[in-house]
Amino acid sequence: QVQLVESGGGLVQAGGSLRLSCAVSGRTFSSYAMGWFRQAPGKERECVAAIDWNGVYTYYADSVEGRFTISRDNAKNTLYLLMNSLKPEDTAVYYCAASFEGGDMAQSSEYDYWGQGTQVTVSS
């Protein structure tokens, strides 16, 4: 069993920054590709960013490219998402997910384990 726990969400003004963390336990962290997804009211769940097991390959949604940075520390079993220049449209519940031998890391169907989510609210 793999458990994922997100933290770091909160309320921030437009233009501000937040860093989300995802602590992983239960299985070797380095064997999973990892991703951050978000779900805003009335919108589809979308992949914000993803990273392969060793951090060589990363993916970013066009809407966050250049503003968000995904990283991982396998020694600490922790995934991070640094969010800069936040916009009101970034407001959503953000979920951490783990994929064992995932193919297309941008697809939610490729992920096997999910956290409970953390709320990010960006005020205008």
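Up top is the structure.
Below you will find a few notes about this structure. Throughout this description, residue numbers start from 1 for each chain and increase along the sequence as written. Totals for whole chains, interfaces and linings use every residue, but because this is a predicted model, local features are given only for residues with pLDDT of at least 70 and side-chain atom pairs only at 80 or more, for both listing and counting. Heavy atoms from the whole structure form the basis of all side-chain values; hydrogens and water molecules are not counted.

### Looking at the pairing of strand β5 (residues 46-51)
Partly exposed describes any residue whose relative accessible area lies between the buried limit of under 20% and the exposed limit of over 50%, with all areas from a 1.4 Å probe on protein chains only and scaled to the type maximum. What counts as a helix is a DSSP run of H or I of at least four residues, what counts as a strand is a run of E of at least two, and both are numbered from the N terminus. Burial within β5 is extensive, with 5 of its 6 residues counted as buried. At least two bridges found by DSSP between two strands are what make those strands a pair. Alignment of strand β4 (residues 32-39) against β5, held across 5 bridges, turns out to be antiparallel. Directly across from Gly35, in β5, lies its bridge partner Ala50. Hairpin connection between β4 and β5: a loop of 6 residues separates the two successive antiparallel strands, and Gly42 in this loop has a positive phi of roughly 75 degrees.

### Considering the sheet that holds strand β7 (residues 68-73)
Either a parallel or an antiparallel arrangement is found when strands of a sheet pair, and the pairing is made through backbone hydrogen bonds. Judged by pairing direction, the sheet is antiparallel, and its 4 strands sit side by side in the order β1-β3-β8-β7 without closing on themselves. With partners counted over all chains shown, the strands left at the sheet margins are β1 (3-7) and β7, one partner each. For this sheet the average axis-to-axis angle between neighbouring strands, irrespective of direction, equals 15 degrees. Where β7 lies against strand β8 (residues 78-83), 6 bridges are found, and the strand directions are antiparallel. Across the sheet, Phe68 pairs through a bridge with Met83, a residue of β8. Helix axes are fitted only over the stretch in contact, all axes being lines through C-alpha atoms; the angle between N-to-C directions runs from 0 to 180 degrees.

### Brief notes about the state of the cysteines
The disulfide definition used here is simple: a pair of cysteine sulfur atoms within 2.5 Å. A complete count under the given rule lists 1 disulfide for this structure. Residue Cys22 pairs covalently with Cys96 via a disulfide, S to S 2.0 Å. Here the disulfide of Cys22 and Cys96 is left-handed, its torsion about the S-S bond being about -80 degrees. In this pair, Cys22 sits in strand β3 (residues 18-25) while Cys96 sits in strand β9 (residues 92-100), placing the two residues 74 residues apart along the sequence. Each member of the pair, Cys22 together with Cys96, is buried.

### Description of the nonpolar core
Ranked by internal contacts, the top residues of the largest apolar core, which has 29 residues, are Met34, Leu81, Met83 and Tyr94. Elements with a contribution of two residues or more to this core: β3, β4, β5, β7, β8, β9 and β11 (118-123). Every residue pair with non-hydrogen atoms within 4.5 Å of one another is taken to be in contact. Those residues within four positions of Tyr94 in sequence are excluded, and the remaining contacts are Glu6, Leu20, Phe37, Arg38, Val48, Phe68, Leu81, Met83, Gly117, Thr118 and Val120. Only buried residues count toward a nonpolar core, which is a set of Ala, Val, Leu, Ile, Met, Phe, Trp, Tyr and Cys residues joined through side-chain atoms within 4.5 Å. Of all hydrophobic cores here, the second largest spans 8 residues; its members include Phe37, Cys47, Ala106 and Tyr111.

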